[in-house]
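Chain and residue survey
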Amino acid sequence: MGGHSRYPGRWPMKRTGVALAFLVALLGLGSAVKAQTAELLQQLEAARTPTEALPLLERLGRALSEGELFGEEVRIARLTVRFWQDPAAPPEVVERLQHIYGMIAPALAVMDPPLAETLFVRVPLTWATSDDAIRRKQGLAVLILSWELFFGYEQQEILLQALPSVLAQAATWPEEAFEAILSFLADRVTLSSEAHLPDSLPEAFVERLRRHQGNYAWRLPDILALDTTETGTDRLIAWAQSPPPLPPSLAAYRQRWREAFLAKLDGRRLTLEQKRRVVALLSDPGLRDAVFRLVRTWRHRGEPLPPPPPESLPLLEEWAVREHCEEAVRLLAAAGQEGLTRLFRVAMEDLRDRDAPIREPRPCEWDRWSALFAHAEAIADRIGAAYREGPTPRLLRLLARAGRWEVVLEALSSPEAALRREAAFLLALAVAPEEDALARTGDAGQGQALVASWQKRPELHPRAREALRQALRDEDPNVQREALRALLFLGDETAWPVLLAALRVENENRFQTFLSGFRPALTDSLARALAEVARGDPSEALRRRAVVLLGRAEPGPWQAAVEPVLQQLLRDPDQEVRRAAAEYFAAVPAREVATTAALLEATRDAHMYVRHAAAIALGLARGWTPELVDRLEVRLREGDPDANVVRALEDAYPHALRRAPGAVDRLLAIVLERKGPARWRKALAEGPQADAAVAWELLKRLEARPLKDWAPVPPGFGPGLLQRMVEFFVRAEEDPPPLGIIGHLVPREMLDPFLIRRALEDPEASLGHRLWLIQQALEIPEDLREGVWQLLMQALREEEGGEMTLALLGRWGFDGVRRLVEELWGEPETLRHVARHLRQQEELGKLQMAAGNVGGPRLPEPTAEDLPWVEATLARLAPGARDPRLEPLVDLLGLWNLGNDSALRKAAFRYRIPQLLLRHLADPHECRAVAEVVGSLFGRGVTPRCR
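Each chain has its residues counted from 1, following the order in which its sequence is written. pLDDT decides what is reported in this predicted model: residues at 70 or higher carry local features, side-chain atom pairs at 80 or more are listed and counted, and totals for whole chains, interfaces and linings draw on all residues regardless. Only hydrogens and water are set aside when side-chain values are computed; all heavy atoms of the structure are taken into account.

**Some words on the pattern of salt bridges**
Keep this limit in mind: Definition used for salt bridges: Asp or Glu carboxyl oxygen within 4 Å of a side-chain nitrogen of Lys or Arg. In this description a helix means any DSSP run of H or I spanning at least four residues, a strand means any run of E spanning at least two, and both kinds are numbered starting from the N terminus. Here the term buried applies to any residue with accessible area under 20% of the maximum for its type, exposed to any over 50%, and partly exposed to those in between, with areas from a 1.4 Å probe on protein chains only.
Counted according to the given criterion, the structure contains 86 salt bridges. A salt bridge links Arg299 to Glu327, with the nearest nitrogen and oxygen atoms 3.3 Å apart. A residue pair is termed long-range when its members are at least 10 positions apart, and Arg299 in helix α14 (residues 288–300) and Glu327 in helix α16 (residues 325–334) qualify at 28 residues. As far as the burial class goes, Arg299 and Glu327 line up, both buried. Residue Glu554 is joined to Arg519 by a salt bridge in which the shortest nitrogen-to-oxygen separation is 3.7 Å. Note that Glu554 is positioned in the loop between α30 (540–552) and α31 (558–568) and Arg519 in the loop between α28 (508–515) and α29 (524–536), a separation of 35 residues in sequence. The class for Arg519 is partly exposed, based on a relative accessible area of 30%. When salt bridges that share partners are traced, they join Glu601, Arg604, Arg611, Arg635, Glu638 and Asp640 into one network.

In structure tokens form, the structure reads like this:
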């Protein structure tokens, strides 16, 4: 009948019978294998000698390799440790045990750490220190295995604690054995950046190292660096100074070898005495670069530099103008008065040719003067003597730093203009320490140091104010400007007439010099006085200068008071006054609607520069109405001969829409209907947020529109959609999509609740669309989280929403997985479908990453705090019952990842998670569900064998 039954009604019974028979056979086979392995362990327990145990160990190794005996690691270790410890055990027994222990070591290290320490540290250490060469070699081989094992579990200290005693004995070993221990140290221990010995290296071992001429001589710096004690640091310095002899094959690299000892000091905290010994090595030309590198490291870490030995000062003085001059300068400064005097002598040489027509500055000139500035008090008398001999602005600044402010006050009346300028600058800086002025020293820290120095001399403060008042009459505009700035900062009204008089100077260049760096602090009264000058003075130049000065002043409440006056100046008869007024509003945003209207009118000015400045000012103005937006549209249609004006007007349009609540419909036309150029939308997406009133109106309009109009879902990932996805993102970069623009216009505290409520309340949109919309919110408000969770659960039950389900689940972290499991515990089939759906989305994300795109969301993983719940959940599953929840739980709970983190693996064993999973290995169906997880947790490199 060609394989078809004549009695189709009986075929299902026949097929079921075959399946049951096959299952019974499998269970019988599994029971037989289990009985064999149990018998093997019993025979191993009965074995009396290592030789008798050898065939059993071979069988045991095969069983472990084939995925048997998971969970028996501790028993196996206890049964075999006596053979491992037996000094008479044949080499082949030791070799077989090494193979077995290599497989069970990861699990044993967390299941029974003391037993693991005995097997992998204590026993091989006794071998390594024995007189038997073969045993010693085996011991070192096992120590290498132990290091790899404990390195993975961050327990290297178990081995490191025991190493010093071994190294002490190694000093007397034959050369081959000594090379072996050096191999272990160099090729294993030194490669761990965190590894260091708890105590100093034994003296006898260090002496043997000095005599070593073998293959690991080049690695002696690495080995010596394992000793991080003060003694170890001293040895590194001493060996750099007087290294042991190198083998003939490496003799040509002796200098690099010495530098290697110094390089190992890089990450250490040295005492000042140790640093001094390092710096003393500058006398050796071959070590100079390495020493300067260390000094640079200390300096960058903010550590104090040592006073260098006196004999090194001439060398440092020479190097202060050469390569490594930064470090040499800092070391001279650390040498105290003698070093600073030498440094001062070098710095004074910098001044000799300062006014030469062609000057080649020497390296590190700024560093020399900075170091002297920082330590000026230590050589204040020497600086004072040099100043009296030849006064210069630099010396005057050093004296100010040293607290000699009397000299600064005297310099304010010096016949030399350069000294008066420096004195006025220093006094103004000290009296009025504004941020801009501090930065004008070239280093804000130096400005702060000058302020601190001045504050220590309160007895000079009244005298300084009087000196600054006198400086208001100085013929040099720079001196006058600094004095004015300081007095205005102090609120001294005697400066007002001088400020107003400065506007009336006949020479325009002198006025511009006066303005340079000038940002006065204005009171309301003074600002109004300047505004009155700008409005009523018959001189066009005076009106313009008053506006320019207001634009340079520090911001303050006075700006609102003068805006109506400056608004009127946009219609001044003089084009330069109009330009100054427009440029003022291009820097200070206009607040009033009337000012915005005046600026709009100014964009039709006959003067091109007035039009351009007014158009730029519109892009900052805050007072907009729908009528003004209408007028701006008209102005845009009119065009302009100057392309810069046209561009500024176009930039102002999206800004105006952010400020005018009544123009929201026009804003939506640009955003949703794509009216106007793409750069308007780009400007809206990259610029500031809209005013709150505009944002509310915008959300009200969006409430009435379908989601597809303003929040369409972008193309998903998939082989057929890849090109569409690429095109979407390229287009979005050039012309941002609606929701991207809205996200920039509306503050997040308004937008996020709006998006979520819209998603929860919009029954017409698909589940996937609604979840995607929620995912666009940065935060889910607390009062909306439950609604989002219920929508997420609906999507999971219906297996809709794609990767958005996984992304939203991630908002809850592993707490979301816990809640998901608890809610679906009574629905095993639904739990299975949900787990499969989430895993599919995760795999799709991995595929997306493999294709060179940003990876998709991942299932939340448990932390150590979640493991008690994981334990309790797994304990609810009866082994052998083929509970349909087992497989989805293994997928959802992230159990496989527990084996990839040493800390989590230890915690998993502490909470019996591996033991709970082992209960399911007896049943073939359940075994396949947990096999990979068990293999990961036990770290054997194979998965359990499922029958």
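**Some details on the state of the cysteines**
Quick reminder of the rule: The term disulfide is used for any two cysteine sulfur atoms that are within 2.5 Å.
One pass over the structure, following the stated rule, counts 2 disulfides. Sulfur-sulfur distance for the disulfide between Cys325 and Cys364 comes to 1.8 Å. The sign of the S-S torsion, about 60°, decides the handedness of the disulfide formed by Cys325 and Cys364: right-handed. Taken together, the residues span a long stretch of sequence, with Cys325 in helix α16 and Cys364 in the loop between α17 (337–352) and α18 (365–374) at a distance of 39 residues. In this model Cys927 forms its disulfide with Cys946; the gap between the sulfur atoms is 1.9 Å.

**Regarding the side chain of Arg658**
Rules: A residue counts as positive if it is Lys or Arg and as negative if it is Asp or Glu; His and the chain ends are not included. Here a polar contact is taken to be a pair of N or O atoms separated by no more than 3.5 Å, where protein atoms must pair a possible hydrogen donor with a possible acceptor and residues adjacent in sequence count only if both atoms sit in side chains.
As for its placement among the helices and strands, Arg658 is situated in helix α36 (residues 643–659). Here Arg658 sits buried without a salt bridge, and the closest side chain of opposite charge, Glu686, lies 8.4 Å off (N-O distance). A polar contact is formed between the side chain of Arg658 and the backbone oxygen of Ala683, at a distance of 2.8 Å.

**Some remarks on the domain arrangement of the protein chain**
We count it as follows: Where each domain begins and ends follows an automated or database-derived domain assignment.
Domain boundaries assigned for the protein chain yield domain 1 (26–254), domain 2 (747–832) and domain 3 (861–946). Centre-to-centre, using C-alpha coordinates, domain 1 lies 53 Å away from domain 2.

**Some points on the packing of aromatic side chains**
Here is the rule: Aromatic pairs are defined between Phe, Tyr and Trp rings, using the six-membered ring for Trp, whenever the two ring centres lie within 6.5 Å; interplanar angles under 30 degrees are classed as stacked, those over 60 as edge-to-face, and all others as tilted.
Under the defined criterion, the tally for this structure stands at 18 aromatic pairs. A centroid spacing of 5.6 Å and a plane angle of 50° characterise the contact between Phe178 and Phe205, whose relative ring orientation is tilted. Highlighted residues: Phe178 in helix α8 (residues 175–187) and Phe205 in helix α9 (residues 203–211), separated in sequence by 27 residues. Of the two residues examined, Phe178 and Phe205, each falls in the buried class. Between Trp257 and Phe261, the aromatic rings sit 5.2 Å apart at their centres with planes inclined by 65°, giving edge-to-face as the arrangement. Note that Trp257 and Phe261 are positioned in helix α12 (residues 254–263) at a spacing of 4 residues, about one turn of the helix. Residue Phe261 is classed as buried on the basis of its relative accessible area of 0%.

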